[in-house]
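What the coordinates show
Here is how the chains run, residue by residue.
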Amino acid sequence: MTDTSRQSAPQPFFARSRTWLYLGLAIVLLRAIPNLRFPLGRDQATYCVIARGLLHGQLLYRDLWDNKPPGIFYLYTLIVKVFGPVMWSVGVLDILWLLAISICIFYFAKRYIGAPAAALAMVFNAVRHCRQGYIDAIQPEVFITLFIFLAYFVLLPGRSRPFLRSLAAGLLLGAAFWTKYNAAAFFPVVVVLPFLDFSGLDRRLKRVHLNVAWKDWIGQMLVVGMGFVATVVIVVGYFYVSGAWPAMKEVQFEVLPRYAEAIHWDAYFILWAVGQTYRHLGAWTEAMVAFTLLIAWRRRELAVAVPILLMTLAGYVSTAMQGRFHLYYFEVSFPFFYMLWGYVCVRTYQEIRSAQQYCTRRGWKLARVVLWVLLADLVFALLPEESVRIAQQYRLLADWWRNPQQSYAEYWWQLPIEKLPDQLRLINFLKENSSPQDEVYIWGTAPLVYFLAQRQCPSRFVSNLGVISTWVPDRWRQDLVRDLKAKRPRYIVVARHDPIPMVSRIYKDSEQYLWSDYPALATLIRNQYEPAVNYADFEVYRLK
């Protein structure tokens, strides 16, 4: 006989998981609204330029060069199609993504560590993401994280139609893979984690076992594999049928490995990698791993901590295997690190409350007061700084609302390579002194100019990283000069102060490299072009 009165008894307001979800989402949205003023960074602008070309019938790798897998560019075709050539599209998408990933974080974490800790994880992750600014916005890693979460959710047992759910999981993992290949680091964990029972970890004889029959799990994994293979067949088949397969094969299977081989995994590199990890994660986030293990072992909660730790490890491996520890690479692991933050914070609060109750029973009033002060210090340690930051962001948002152009030109915390003031000057110059039919070539890395000025690049190299880098074929340099001679763009723009040695392995900026190491292009500019206008970071040459 069931206890219906117990089932129908109303829960306290803050005991309801939806309350924690809605409260967390409200804080996330409040923190994320100033992201509307994000500019398009160099990476995002490149995705937009290539996506626009795809929408106009050009083919990736053959007509539009980049060394990333194809997924991110086709995802951006949706963004460009919906929003057009505007700067604020990345801010809108970043807010929507942050809300979506926060919901995923909540439901994943709630399954293991409860609603309060899950809500804290949402907020911590959102605060960290918004602090990073436009650099982390709508990068491939944010899509990978979303696909991984969705694949995990559809694989959870106990639901109907396991065949369709397993097939959908395979397709989602395939989408993550084609967005960036390092997403494969998650696959062994994602396909096993939903089916594992970790409760045995908190017993004397520690062990983990499947919560479904081996036969059923193997059957579902075969279907997952079918879905993943389907994505491979579809993508490769599309490039083969469209005629872009030779270019894709060259870029992805011949040139990209050389790009990766530029990394030497020696002792010095390992030391540098450890330093970069510390720099981007911070001491406290790294310490949360140890705190989580200590608390979970002491409270016999390894069953709830280990699944999150496994996903954290998969995320970090996904970052580290690329060999270049850019800040936004950590987007795939931050949600799981902040689940550990949420877990430690909630358990610390519970321990302090237990200590207060013990002091009350003993009549130790002073000790109880000290514990209240300690709790208040923990809760409000970061609030003043974050409150000032939020107020500042909203003031900057108001400035953006009044004058977007000036806000972008004076954008705080832009990377030195962005050079937004001169990019915007150059965009205005091209709009005033050329027509939409005129082609413009930028010898540098300034794709924002192509996108906002709506001018066509006469070459597939929308960035000169595909020409100056040490890991690209010499033939590509000849291809660029041949294209420029054939199409004679109205303007050629030469960038300066823009070296990216971590990518190109070249320490000269574009202007220095042009005049000292690229005589074919330098001769073409001297013979066929004349100076038109000179900015601090760009010089514009006009066709004679």
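Residues numbered from 1 in each chain as written. Predicted model: local features only at pLDDT ≥ 70, side-chain atom pairs only at ≥ 80, totals over all residues. Heavy atoms only, no water.

Moving on, we get to helix H22 (residues 474–487). Counted at 1.5 Å a residue, the expected span for H22 with its 14 residues is 20 Å, and the 21 Å between its end C-alpha atoms agrees. Taken residue by residue, H22 has Trp476, Arg477, Asp479, Leu480, Val481, Asp483 and Leu484 as its buried positions. Those residues of H22 that are buried lie in contact with helix H11 (245–261), strand E3 (440–443), helix H21 (465–468), strand E4 (491–495), helix H24 (510–517) and helix H25 (519–528). A positive phi of about 45° marks Arg488, the residue just after H22. (Helix = DSSP H or I, 4+ residues; strand = E, 2+ residues; numbered from the N terminus. Expected span 1.5 Å × (residues − 1). Buried < 20%, exposed > 50% of the residue type's maximum accessible area, 1.4 Å probe, protein only. Contact = heavy atoms within 4.5 Å.)

Attention now goes to the pattern of salt bridges. Applying the stated criterion to the full structure yields 23 salt bridges. Two residues, Arg299 and Glu301, come together in a salt bridge whose shortest N-O distance is 3.4 Å. Exposure remark for Arg299: the relative accessible area of 28% places this residue in the partly exposed category. Three or more residues joined by partner-sharing salt bridges are found here, namely Glu250, Arg475, Asp479, Arg482 and Asp483. (Salt bridge = Lys/Arg side-chain N within 4 Å of Asp/Glu carboxyl O.)

Spatially, the four strands line up as an open sheet ordered E3-E4-E6-E5, and their pairing is mixed. Here the strands that pair on one side only, and so sit at the sheet edges, are E3 and strand E5 (529–534). Here the average twist between neighbouring strands, direction ignored, is 25°. Both E4 and strand E6 (residues 538–543) contribute to a ladder of five bridges, which runs antiparallel. Looking at E6, one finds that Ile492 is bridged to Tyr541. (Pairing = 2+ DSSP bridges. Axes fitted to C-alpha atoms, helices over the stretch in contact; angles between N-to-C directions.)

What follows covers the side chain of Thr145. Within the fold, Thr145 resides in helix H7 (residues 140–155). Dropping the residues within four chain positions of it, Thr145 is found in contact with Ile101, Glu331, Val332 and Pro335.

Once that is clear, we can look at the state of the cysteines. Using the criterion set out here, one finds zero disulfides in the structure. Free cysteine: Cys48, not disulfide-bonded; nearest cysteine sulfur from Cys457 at 15 Å. Among the cysteines around Cys345, which has no disulfide bond, Cys130 carries the closest sulfur, lying 18 Å off. (Disulfide = S-S within 2.5 Å.)

Before going further, it helps to examine the nonpolar core. Ranked by size, the top nonpolar core spans 174 residues in total, and within it Phe108, Met339 and Trp443 carry the most contacts. Here the element with the most residues in this core is helix H5 (residues 89–113); it accounts for 13 residues. The contact partners of Phe108, leaving out residues within four places of it in the chain, are Phe149, Tyr152, Phe153, Leu193, Ile308, Met311, Phe336 and Met339. (Core = buried A, V, L, I, M, F, W, Y, C linked by side-chain atoms within 4.5 Å.)

Attention shifts here to the packing of aromatic side chains. Inspection of every chain in the model, using the stated rule, returns 45 aromatic pairs. Relative to Phe73, the ring of Tyr47 lies with its centre 5.8 Å away and its plane at 70°, an arrangement referred to as edge-to-face. Note that Tyr47 is positioned in helix H3 (residues 42–55) and Phe73 in helix H4 (residues 71–83), a separation of 26 residues in sequence. On the basis of relative accessible area, Phe73 is assigned to the buried category, the value being 0%. Here Phe108 and Phe336 contribute two aromatic rings whose centre-to-centre distance is 5.8 Å and whose plane-to-plane angle is 75°, an arrangement assigned as edge-to-face. Remark: Phe336 occurs in helix H15 (residues 334–362) and Phe108 occurs in helix H5; sequence separation between them is 228 residues. An identical accessibility class is assigned to Phe108 and Phe336; each is buried. (Phe/Tyr/Trp six-rings, centres within 6.5 Å; stacked < 30°, edge-to-face > 60°.)

The next thing to look at is the side chain of Ser510. Within the secondary structure, Ser510 sits in helix H24. A distance of 2.9 Å separates a polar atom in the side chain of Ser510 from a polar atom in the side chain of Asn464. Setting aside residues up to four positions removed in sequence, Ser510 forms contacts with Trp443, Gly444, Asn464, Ala495 and Asp498. (Polar contact = N/O pair within 3.5 Å; in protein donor to acceptor, adjacent residues only side chain to side chain.)

Counted by the stated rule, this structure contains three cavities of 30 Å³ or more. Considered as a void within the structure, the largest cavity measures approximately 50 Å³ in volume. Together, Val49, Arg52, Gly53, Gln58, Asp63, Leu64, Gln456, Cys457, Ser459 and Val462 line the largest cavity. The class makeup of the residues in the lining of the largest cavity is four nonpolar, four polar and two charged. The computed volume of the second largest cavity comes to approximately 40 Å³. (1 Å grid on protein atoms, 1.4 Å probe; cavity = no way out; pocket = protein on both sides within 12 Å on 5 of 7 lines; lining within 4 Å. Points joined across faces, edges and corners; volume = space filled by probe spheres on them. Nonpolar A, V, L, I, M, F, W, Y, C, P; charged D, E, K, R; others polar.)

With that settled, the discussion passes to H4. The end-to-end C-alpha separation of H4 is 19 Å, in line with the 18 Å expected for 13 residues at 1.5 Å each. Among the residues of H4, those classed as buried are Gly71, Ile72, Phe73, Tyr76, Thr77, Ile79 and Val80. Elements that come into contact with the buried residues of H4 comprise H3, H5, H7, helix H8 (162–179) and helix H20 (447–453).

What follows is about the environment of Ile468. Relative to the helices and strands, Ile468 resides in helix H21. For the pair Ile468 and Phe334, spaced 134 residues apart in the sequence, the C-alpha separation amounts to 33 Å. Setting aside anything within four residues of it in sequence, one finds Ile468 in contact with Trp443, Arg477, Ser504, Ile506 and Tyr513.

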